[in-house]
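Structural overview
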Amino acid sequence: LRRWRRLVCAAVVSFAAGATLSFLLTGHLFVTGAHRMQDLWFQADTRRVFDNLTNRHSDHHRTSVHPLSALLLASPTIGLKHAGFAPDVAARLTSAAGAGVLTLMFFLLVHRLLGRIVDAWLFTCLLMSSSAFLFFTGVVELYVWGGASIITALLLGAVQGRLGPFALVLGGTAALSVTVTNWMAGLAVSLVREGAARTSVIGAVSFALVAALSVVQNAVYPETGKFLDFKSETAYVHARPEGRLREAPGAFFLDGVVLSGGTSLTNEGTPTLLIHDRLGGMSAVGYVAAAGWALLFGGGAV
């Protein structure tokens, strides 16, 4: 009983720490008017997402690739507005809740893998101290909820016994609901746990649930996009590969830990902050921080 109490307390603290950190970070950016900028920090669509979260009649066309984002995220945000919260505070609270769910699910997943609260807390603190977490939770976007959906799918994949298949369906539904490509996490877990035949059934049920909920979403939000309409995504497929291949190692191995650098630009009169995904953009202090973080991660791994 004492162990369960400690686990519950640590889980609550994990949620509160992630949510509080995100709420404070988004507050700094809202002062600068960042919620009215596009392509802010890793090309975040902050202006569009803020409008979608706070306005039922805004253009929700991106539900074509974020299937239930309006129903699941805009609905509580608009509810907070009707409860008396200012639109910026309501949007920040929704983003903070996503960061809290992300840290909570990550803590529970690591605890499920390692079995010790102190180990799970160490890795959760590492997550919250990474540049990926700080920058992805610092903007009002779908980043945090997308990450939370992946971790949720992995965590539910660890459910054993008769509830296992139902948990896999729920995990797949959660993964697909925020971003289409995140569904791969749910399908991969199902494939490992249940094999190809049962994964096809679990995947079909998850897909059917999301499709049914999208009908409800379309009735509530009149400006939603066509369900799973990927035509607009072809522009990303034809992106120039040379620069990506050169910069990807730095972005994958380093920028997720310590940010390399940024540039302020003005695009058609709108101020924009772009992030450099390259190794040479950091100062000496940045390299020291990266080395220290790597040592801390190595200690936790050991």
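Residues numbered from 1 in each chain as written. Predicted model: local features only at pLDDT ≥ 70, side-chain atom pairs only at ≥ 80, totals over all residues. Heavy atoms only, no water.

In this section: the packing of aromatic side chains. This structure, assessed with the given rule, holds three aromatic pairs. Geometrically, the ring pair formed by phenylalanine 136 and tyrosine 143 is tilted, given 4.8 Å between the ring centres and 50° between the ring planes. By relative accessible area, which is 25% here, tyrosine 143 ends up partly exposed. Clustering of aromatic rings is evident, with ring pairs tying together Trp183, Phe207 and Phe227. Over the ring of phenylalanine 23 we find arginine 92; its NZ or CZ atom is 3.8 Å from the centre of that ring. (Phe/Tyr/Trp six-rings, centres within 6.5 Å; stacked < 30°, edge-to-face > 60°. Buried < 20%, exposed > 50% of the residue type's maximum accessible area, 1.4 Å probe, protein only. Lys NZ or Arg CZ within 6 Å of the ring centre and 35° of its normal.)

Phi angles above zero are rare outside glycine, and leucine 228 is one such case at about 55°. You can see leucine 228 is positioned in the loop between α9 (183-220) and α10 (234-237). (Helix = DSSP H or I, 4+ residues; strand = E, 2+ residues; numbered from the N terminus.)

Right, let's talk about the pattern of salt bridges for a bit. Pairing between side chains of opposite charge can happen when the charged atoms of each approach one another. This model, assessed by the stated rule, comprises three salt bridges. Linking aspartate 119 and arginine 116 is a salt bridge whose minimum nitrogen-to-oxygen distance equals 3.0 Å. On the accessibility criterion, arginine 116 (47% relative accessible area) is partly exposed. (Salt bridge = Lys/Arg side-chain N within 4 Å of Asp/Glu carboxyl O.)

Within the secondary structure layout, methionine 184 lies in helix α9. It is 8.8 Å that separates the C-alpha atoms of methionine 184 and isoleucine 150, two residues lying 34 residues apart in sequence.

Right, let's get into a positive patch on the surface. Side chains of Arg2, Arg3, Arg5 and Arg6 sit close together on the surface and give a patch of like positive charge. With respect to the helices and strands, the residue arginine 5 is situated in helix α1 (residues 2-31). (Patch = residues over 30% accessible without salt bridge, like charges linked within 9 Å, V, L, I, M, F, W, Y side chains within 5 Å. Areas by Shrake-Rupley, 256 points an atom, 1.4 Å probe, with all protein chains shown as cover. Lys, Arg positive; Asp, Glu negative; His and termini not counted. Charge placed at Lys NZ, Arg CZ, Asp CG, Glu CD.)

Let us look at the packing of α1 against helix α5 (residues 117-129). The N-to-C vectors of α1 and α5 enclose an angle of 5°; their axes lie 11 Å apart at closest approach. One way to sum up the angle between α1 and α5 is to call them roughly parallel. Contacts from Arg3, Arg6, Leu7, Ala10, Val13, Ser14, Ala17, Gly18 and Leu21 of α1 reach α5 at Ile117, Trp121, Thr124 and Met128. Taken together, the residues of the contact of α1 with α5 break down into eight nonpolar, three polar and two charged. (Axes fitted to C-alpha atoms, helices over the stretch in contact; angles between N-to-C directions. Parallel < 35°, antiparallel > 145°, perpendicular 65-115°, else oblique. Contact = heavy atoms within 4.5 Å. Nonpolar A, V, L, I, M, F, W, Y, C, P; charged D, E, K, R; others polar.)

As a further point, take the nonpolar core. In this structure, Leu53, Phe133, Val140 and Trp145 are the most contacted members of the largest nonpolar core, which totals 22 residues. Those elements that provide at least two residues to this core are α2 (46-54), α4 (87-114), α5 and α7 (143-156). Residue contributions to this core peak at six residues, all from α4. Contacts of leucine 53, omitting those with residues within four sequence positions, involve Leu73, Ala74, Thr77, Ile78, Ala91 and Val140. (Core = buried A, V, L, I, M, F, W, Y, C linked by side-chain atoms within 4.5 Å.)

Bear in mind that shape data such as this cannot, by itself, settle questions of function.
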